[in-house]
Structure formats: structure tokens, C-alpha cells
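Topology and contacts: notes
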Amino acid sequence: MEEKVTVAAPGAKAADSAIFACLGLGIEFDTPNGPHRVLDAVDLSVAPGEFVSIVGQSGTGKSTLLRILGGLERPAAGSSVRHRGQEVTEPPEGVLMVFQDYRGSLLPWRTVEKNVMLGIEKSTSGAERKERCQEALELVGLADRANDHPWRLSGGMQQRVQIARSLAMRPEVLLMDEPFGALDAMTKEQLQDELLSVHAATGATIVFVTHDIEEAIYLSDRVLVLAGAPARVTEELTIELPRPRDQMRTKELPDYLRLRQTAYTALRGSGAGGH
Amino acid sequence: MATEAVPQPRPARRSRHVRVPLNVSGILFLLGLAAVWQLAMSTGLLTSSFLPEPWEIGKSIGDLTGSGELTSNLWHTVYVTLVGWALAGLIGVAFGLAIGLYSKVWRYSMASTEFLRALPGIAFVPVAVLLYGFSVKMELIVVTYVSIWPVLVNTVHGVRQVTVLHDDVARMLRMSRLERIRRFTIPTTAPYVAVGLQVSLSLSLALALVAEMVGNPTGVGQALIVAQNTFHPEEMFAYVIVIGFVGVLLNWAFVKMIERGFPGTLSLDGEQR
């Protein structure tokens, strides 16, 4: 269980065609008790169009890993993190991050539409900007709330606005950091399904961090389990459940149940407590 | 750099906005107090050669207005207050932004900022008189110097309210530094600047009076001293009451201006609910 599992990502033929390719990725943070290594020897690759989830217990470094992919954090020396063959030193072209704290990442003084415009104000002119905003808001089902302020919207809607803001920039890759972690179960399922249709409609590559195994399996083509201290990828599950997926039917499939069990065992076996 | 249209109007908030009615009971209470004062003096319950009767004060306000003395003194004081305040606002915001945005500026200037703003501004008045003599320039320097601090300190504080998450969002949206300042820093800081400006406005008026009492012999400050030295308590009270009203009026005008131009700015906690 403890040894590293290396399965080539489906579709990843050459390293350069991969959206992300990490080799021996590690990172440490300075603490009063000396450097603390959070990630060590993480290998992973993400193919174009793929939906990959990273699960792990809280504090394992899932978000840190995502931030490294997004160019917001620098890995330790000796790590290789490549986006389309290029070493990542800053947010790579076409890569956008959706943060868990939707409230904190929206600007309360801007309307929904103006929040969605935020990333394309420089690059587009009036009419095109408006059209792209409208398009993005339609993808998340919020076209009729364009002129509201975020504080008038529910948590789920605010997170949709943040997703729409990324979509307006026509991203190639979405990095999502526990985006539905703070939402209630019903809203969460609804947003999962919307995310799947966004994935289908845009063909974007999605790297999704969550501590919810069922969410990871339901959404993904592949699930990576991150565990240990320092953490590495201890298990890799290829999810071949048919698409489009359905909250009821998919979750009753024997394959789904089997995958769920494997993932739980991987997480349990990996350390303190379980889910 | 064109600034972001800071806090957008909020239709919802505006429709809920209730017109504050004139506080009739509050005003009646004040008039009642004046009546009690008048009664106590008319009946001889209260006697003092330096405490005028309310009707004398009223008459004095009328006389001083009629002679044009009050208007010209008032105009001078208000002029100094507003010009000094505006200068303080510009300097305070400029330095506040520089200190808040650039850690180097912060490191070198914060010690002196903390010292200078803790130093009671009035202590600076004799120095200014000595340096600049009895002039409007001296008055403006005193007013501006003292009024800079609330604006500056609030601006620095406001800039530091931009969260780490906002920085990440800005980086993710590929914003340049200038764009970041325009879209995140300025709107975040604006409410703090407004609060600083509001505090400075009443400070400006106070310091204008002090400068006129101690230094430049003009305006309401000087008129108060003259009334005191010539034993005209009713004139003193007339000026005190009028300048009190001016203070209230200035603050009211400022609040209205901000509400009109930048809705929501003055309610720091009103953003999210």
C-alpha cells in the first residue's frame, strides 16, 4: 500500500503533450522548529481534457500541490513541475484557479457581472466583454442575476460566480481548491452536476482538490490519493464510470462502490483515523 | 490613472433607504433647555455677569450678522478649514498609499509617522507662528499638519486590508501591479479614507480656531478672543453657537457628498451580510 503507484495518465503519450507533468515534486515551509517538508517526491501527470481529483486528509498538502501547479507557490529545489513542457514559475497561460473561499475572492463592491468581467477587462472591448460574461453566467445558470451584488446571493451562487469569472477567461485548465467544501449537501450535488456539464461543454482540463472521496469519484476520470508526512501519491484510481453521470444511478453502480471502498482503504491505511 | 468606480450604487439598499425625518423631539428638548436657562436668569435664580441670557445671544447673532462682522469672520475660518483640510486629504492619501504599498517606505517612515501623529498638534502652533508669522499661510500649515494624520493613518490601514486571497485572485487573473492597485487596493481603501477625512474635517475646524486665537488675528478665533477681552459674553456665545452649527453643517455636507458620490463607503461593515 505504501509504495508508489505509477500509472501513466490515459492519453499522455509524450511528456510535452501533458498539461501538467510533475517529477519528484517537493516543498517545505520554514517553521520555528526548522523546515517542515509537506510534499515529497510527488509524481503526477495530467492529460488534456482530463478531470483529475486529488484527495487526502486535511493538512496533507493538497492545496499546496494545487498552488504549485497554479504557479502561486514555488516548489523545493530539485522538483520538476511542467505545464505543457514549460517549467512553471508563474501562473501558466490558460490556467485558472477557483478558490474555496468564494466570498473572499469576489469583490463585494462589484455586481455579479462586473465580478465576472474582472479578468477580461483589459483584453476585451465593451460588447465582447458583455457577451463573454453573459455566456459564462449562462454556463453556471446565473444569467438573470448579473446585476445583483454578490452579498445578495447564496453561498452556492457566489461560488458559481467565481467559476463564471474563470470561465469568462476561456481557461484551458481549471484548478479547483475544495470549491464545494463549504456548501450544504444539496447545493453541493447540484454544483457537481453543473461542473460536469461545464467540463463537457468547454473541454477544459480540471484538477480538483477535495477531502470528499465520493465527490472525487463521482466527478473524475482519475483520483489521486495523497497521504503520508511528507505526503506523496499513494494510490491512483482510474475511474471508468460511464458519462454523463447521475447522482442516483452512478452512485449505485457496483464499480462505483468498489472504487469508493478502495479509496477509503487507501486513505484509512495511510494514517491517523479515517474519513 | 483613472480610479475604479468605487462602490457601485446598490439599488436594493437605496430603495430601503428611509429619509431621516427632522428630529423634532430632539430640537424641542434643546429649545426647552434654552427656555429653562432663560427662565432661571429672568427670575434671578441664576445670576452671573459673564453668563448672558439666551435672548441676548440671539440678539447678538442678529447684530453681528447685520454688521457683516460675523459673515466675514466666518468666511475666513471656513475658508482656512476647507483649504487646509483639502490639502491634508491630498497629502494624507498620497503618503498613506506610498507607505501602505511599498514596504521600504513603510520601514523607513513608520517610526516618524507614529511619533509625529502622537505629538499633540496644538504644541506645534507656537512653532508655526514663529516660523511663518501672523499669516494665512501659518493658519493653513497648522490646520493641514494636524489634519494629515487621521487621513494618512486610515489610508495605510485601508491598504493593508487587501487580503492575501485578493492578491492570489489578482495574480490568477494576470493583473499588472497598476491594475491590482486600481481594482483591489483603491476600492478596499476608499471607505477608510472617507472615515479619516471625516475625522480630519472636525479637526481642521478646531485647529483653524486655535490658529486664529494664538496666531493670525482674524476669523472667528480672533473674534472670540476679542469678545472675551472686551467683556462681551453674549458675542462670545453667539460665535460659539454659530461655529457649532458650522461644524455640524460641514459634517453633514461631507456625509451627503460621500453618500452621493460613493454610496456605501461610509458604512465599513455594510458590505456583506
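Conventions adopted
Per-chain numbering applies: the sequence of each chain, read as written, is numbered from 1 onward. In the order they appear in the text, chains get letters beginning with A and ligands get numbers beginning with 1. Local features in this predicted model are restricted to residues whose pLDDT is 70 or higher, and side-chain atom pairs enter the listing and the counts only when it is 80 or higher, whereas totals over whole chains, interfaces and linings include all residues. Derived side-chain values reflect all non-hydrogen atoms in the structure, with water molecules and hydrogen atoms excluded from consideration. Only DSSP runs of H or I with at least four residues qualify as helices, and only runs of E with at least two residues qualify as strands; both kinds are numbered from the N terminus onward. Categorising residues by exposure relies on relative accessible area from a 1.4 Å probe, with only protein chains included: less than 20% of the type maximum marks a residue as buried, more than 50% marks it as exposed, and the intermediate range marks it as partly exposed. Only heavy atoms enter the contact rule, under which two residues are in contact if any of them lie within 4.5 Å. Per-residue and other accessible areas follow the Shrake-Rupley method at a 1.4 Å probe size, with only the shown protein chains counted as cover for residues. In this count, Lys and Arg are taken as positive residues and Asp and Glu as negative ones, while His and the chain termini are left out. Note on charges: their place is set at NZ of Lys, CZ of Arg, CG of Asp or CD of Glu. Nonpolar cores were defined as sets of buried Ala, Val, Leu, Ile, Met, Phe, Trp, Tyr and Cys residues, with membership established by side-chain atoms within 4.5 Å. How far each domain reaches was decided by an automatic or database domain assignment. Expected span of a helix, by definition, is 1.5 Å for each gap between consecutive residues, and there is one gap fewer than residues. In this description, one arc is meant: the one made by directions from the helix axis to the C-beta atoms. Put simply, buried area is how much 1.4 Å-probe accessible surface two parts lose in total, over both of them, once they are put together. When a carboxyl oxygen of Asp or Glu is within 4 Å of a side-chain nitrogen of Lys or Arg, the pair counts as a salt bridge. Polar contacts, as counted here, are pairs of nitrogen or oxygen atoms within 3.5 Å of one another; within protein the pair requires one atom able to donate a hydrogen and one able to accept it, and residues that are adjacent in sequence qualify only if both atoms are side-chain atoms. Pairing between strands is defined by DSSP: at least two bridges between the two strands are required. By convention, a crossover is right-handed whenever its connection, traced from the first strand over the helix to the second and viewed with the strands pointing away, goes clockwise.

This paragraph deals with the overall build of chain A. On a plain count of helices and strands, chain A comes out with eight helices and 10 strands. In terms of principal-axis extent, the alpha carbons of chain A reach across some 55 × 45 × 40 Å. Counting all 275 residues of chain A, 55% fall into the buried class. Contacts in chain A between residues far apart in sequence, at least 24 positions, make up 68% of those at least 6 positions apart. Total accessible area on chain A is roughly 11,700 Å²; 49% of this is exposed by carbon and sulfur atoms. Each charge sign in chain A was given a centre, from 30 positive and 38 negative side chains, and these centres are 3 Å apart.

Among the nonpolar cores identified, the biggest contains 74 residues, and Phe20(A), Leu39(A) and Leu175(A) are the most heavily contacted of them. Both domain 1 (9–94 + 171–275) and domain 2 (98–170) of chain A contribute no fewer than three residues apiece to this core. For Leu39(A), the residues in contact, after removing those within four places along its chain, are Leu25(A), Gly26(A), Ile27(A), Thr60(A), Gly61(A), Leu65(A), Ile68(A), Leu226(A), Pro230(A) and Ala231(A). With 24 residues, the next largest nonpolar core counts Leu64(B), Trp85(B), Val151(B) and Leu201(B) among its residues.

The next point concerns helix H4 (residues 126–139) of chain A. Three or four residues apart is the spacing at which side chains of an α-helix point the same way, because the helix has 3.6 residues per turn. Residues and elements named next belong to chain A. Here H4 contains 14 residues, and its C-alpha end-to-end distance of 20 Å stays within 8% of the 20 Å for a straight helix at 1.5 Å per residue. By the burial criterion, the buried members of H4 are Arg129, Arg132, Cys133, Ala136 and Leu137. Looking straight down H4, one finds its buried side chains confined to an arc of 135°; they lie on one side. In this structure, H4 carries Ala127, Glu131 and Glu138 as exposed residues pointing more than 90 degrees from its buried face.

So, on to the interface of chain A and chain B. The interface is formed by 31 residues belonging to chain A together with 25 residues belonging to chain B. Between chain A and chain B, roughly 2,600 Å² of surface is buried when both sides are summed, and carbon and sulfur atoms account for 60% of that area. Inspection of the region where chain A meets chain B yields three salt bridges. Between Glu121(A) and Arg183(B) there is a salt bridge whose closest N-O contact spans 3.0 Å.

Let's shift gears to the domain arrangement of chain A. All names here are of chain A. What the domain assignment lists for chain A is domain 1 (9–94 + 171–275) and domain 2 (98–170). For domain 1 and domain 2, the distance between their C-alpha centres works out to 25 Å. The interface is formed by 21 residues belonging to domain 1 together with 15 residues belonging to domain 2. Between domain 1 and domain 2, the buried area comes to about 1,400 Å², and carbon and sulfur atoms account for 66% of it. A per-residue breakdown of the area domain 1 buries against domain 2 is headed by Pro171, Glu194 and Val198, which together make up 29% of the total. The tally of links between domain 1 and domain 2 comes to one salt bridge. With a shortest N-O distance of 2.7 Å, Glu194 and Arg160 are connected by a salt bridge. If you look at where domain 1 meets domain 2, you find five residue pairs in polar contact (both at pLDDT 80 or more). If you list the elements that add at least two residues to the side of domain 1 that touches domain 2, you get strand S7 (173–177) and helix H6 (185–202). In terms of residue count, the dominant contributor to the side of domain 1 that touches domain 2 is H6 (seven residues).

Residue and element names in this part refer to chain A. Taking 1.5 Å as the rise per residue, H6 with 18 residues should run 26 Å; its terminal C-alpha atoms sit 25 Å apart, in good agreement. For H6, every residue scored as buried is listed here: Thr187, Lys188, Leu191, Gln192, Leu195, Leu196, Val198 and His199. Against strand S3 (51–55), H4, helix H5 (155–168), S7, strand S8 (205–210) and helix H7 (213–219) lie the buried residues of H6. Gly203, located one to two residues past H6, shows a positive phi value of around 70°.

What follows concerns the sheet that holds strand S2 (residues 34–46) of chain A. All names here are of chain A. Read across the sheet, four strands follow the order S2-S1-S4-S5 without closing on themselves; strand pairing throughout is antiparallel. Single-partner strands in this sheet number two, and they are S2 and strand S5 (86–87). In this sheet, strand S4 (residues 80–83) lies alongside strand S1 (residues 20–31) in antiparallel orientation, the contact comprising four bridges. Bridge assignment links Phe20 to a residue of S4, and that residue is His83.

All names here are of chain A. With six of its six residues buried, S8 lies for the most part within the structure. Burial of the side chains of S8 extends over both faces: Thr205, Val207 and Val209 are buried on one face and Ile206, Phe208 and Thr210 on the other. Where S3 and S8 come together, five bridges link them in parallel fashion. Across the sheet, the residue bridging to Phe51 is Ile206, located in S8. Handedness of the crossover joining S7 and S8 through H6 is recorded here as right-handed.

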